[in-house]
Amino acid sequence: MIFFKPEKLSEKITKFTALEDNSESGYCLLKSERDYAEIYELKYDSDKPYLVEGLIRSAFNFASLKNIYMGRCSCKNISSFLEKMNFEKNDEYYFNDIPTILTGSCCK
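This one's a predicted model, so the numbers in the text were calculated from it and none came from an experiment. (Residues numbered from 1 in each chain as written. Predicted model: local features only at pLDDT ≥ 70, side-chain atom pairs only at ≥ 80, totals over all residues. Heavy atoms only, no water.)

Caption draft 1: Inspection of the environment of K15 at higher detail. Secondary-structure assignment places K15 in strand β2 (residues 13-20). C-alpha separation for the pair K15 and Y27, spaced twelve residues apart in sequence, amounts to 6.8 Å. (Helix = DSSP H or I, 4+ residues; strand = E, 2+ residues; numbered from the N terminus.)

Caption draft 2: Just the pairing of strand β1 (residues 2-8), in detail. Note that β1 and β2 share seven bridges and pair antiparallel. The residue bridging K8 from the neighbouring strand is T14, located in β2. Remark: four residues form the turn of the hairpin made by β1 and β2, two consecutive strands paired antiparallel. (Pairing = 2+ DSSP bridges.)

Caption draft 3: Structural detail: the packing of aromatic side chains. Inspection of the entire model under this criterion finds four aromatic pairs. An angle of 85° between the planes, with centres 5.9 Å apart, marks the rings of Y44 and F81 as edge-to-face. Linking Y44 in strand β4 (residues 36-44) with F81 in helix α2 (residues 79-84), this pair joins segments that are 37 residues apart in sequence. On the accessibility criterion, F81 (22% relative accessible area) is partly exposed. The ring of Y36 is capped by R72, whose NZ or CZ atom sits 3.9 Å from the centre of that ring. One cation-aromatic arrangement involves K89 over Y94; the distance from NZ or CZ to the ring centre is 5.3 Å. (Phe/Tyr/Trp six-rings, centres within 6.5 Å; stacked < 30°, edge-to-face > 60°. Buried < 20%, exposed > 50% of the residue type's maximum accessible area, 1.4 Å probe, protein only. Lys NZ or Arg CZ within 6 Å of the ring centre and 35° of its normal.)

Caption draft 4: Local environment of the sheet that holds strand β5 (residues 70-73). An order of β1-β2-β3-β4-β5-β7-β6 is seen for the seven strands of this open sheet, with the pairing classed as mixed. Taken across any chain shown, the strands that pair with only one partner, and hence form the sheet edges, are β1 and β6 (88-89). As judged from the four bridges shared by β5 and strand β7 (residues 94-97), these two strands associate in the antiparallel manner. The partner of G71 across the bridge, within β7, is N96. Lying over the sheet, helix α1 (residues 51-65) contacts β1, β2, β3 (23-32), β4 and β5, oriented at roughly 155° with respect to β4. (Contact = heavy atoms within 4.5 Å. Axes fitted to C-alpha atoms, helices over the stretch in contact; angles between N-to-C directions.)

Caption draft 5: Broad picture of the pattern of salt bridges. Throughout the structure, instances matching the rule amount to six salt bridges. The network of salt bridges with shared partners includes K31, E38 and R72. (Salt bridge = Lys/Arg side-chain N within 4 Å of Asp/Glu carboxyl O.)

Caption draft 6: Main features of the nonpolar core. Of all hydrophobic cores here, the largest spans 24 residues; its most connected members are L30, I39, L42, I56, F60, I78 and F87. Of all the elements in the fold, those that place two or more residues in this core are β2, β3, β4, α1 and α3 (98-102). For this core, the element with the highest residue contribution is α1, accounting for seven residues. Once residues within four sequence positions are removed from consideration, L42 is found in contact with Y27, C28, V52, L55, I56, C75, N77 and I78. (Core = buried A, V, L, I, M, F, W, Y, C linked by side-chain atoms within 4.5 Å.)

See the structure below:
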């Protein structure tokens, strides 16, 4: 079983740790601002790429519960995952409204 554990590091930064069989397999860092939430770091075990989408969804679901509507991601190491999800890309980062990000990517 996989569990995504949130941990508040500061007023604006929350760490989400992916725990699989009580072992840490990845994490992401989410910065919450007034107008948006941004995942700016995401690390995962290379043999467990399935954790990436779970970390992203957990972080943005958390942000939505804080009434944040827009989400973005500036991580360079997960571009292929973001392109398969409901993100749009500009020069600096991937972005979209959080409800759209959370809707799924089954048809892409």
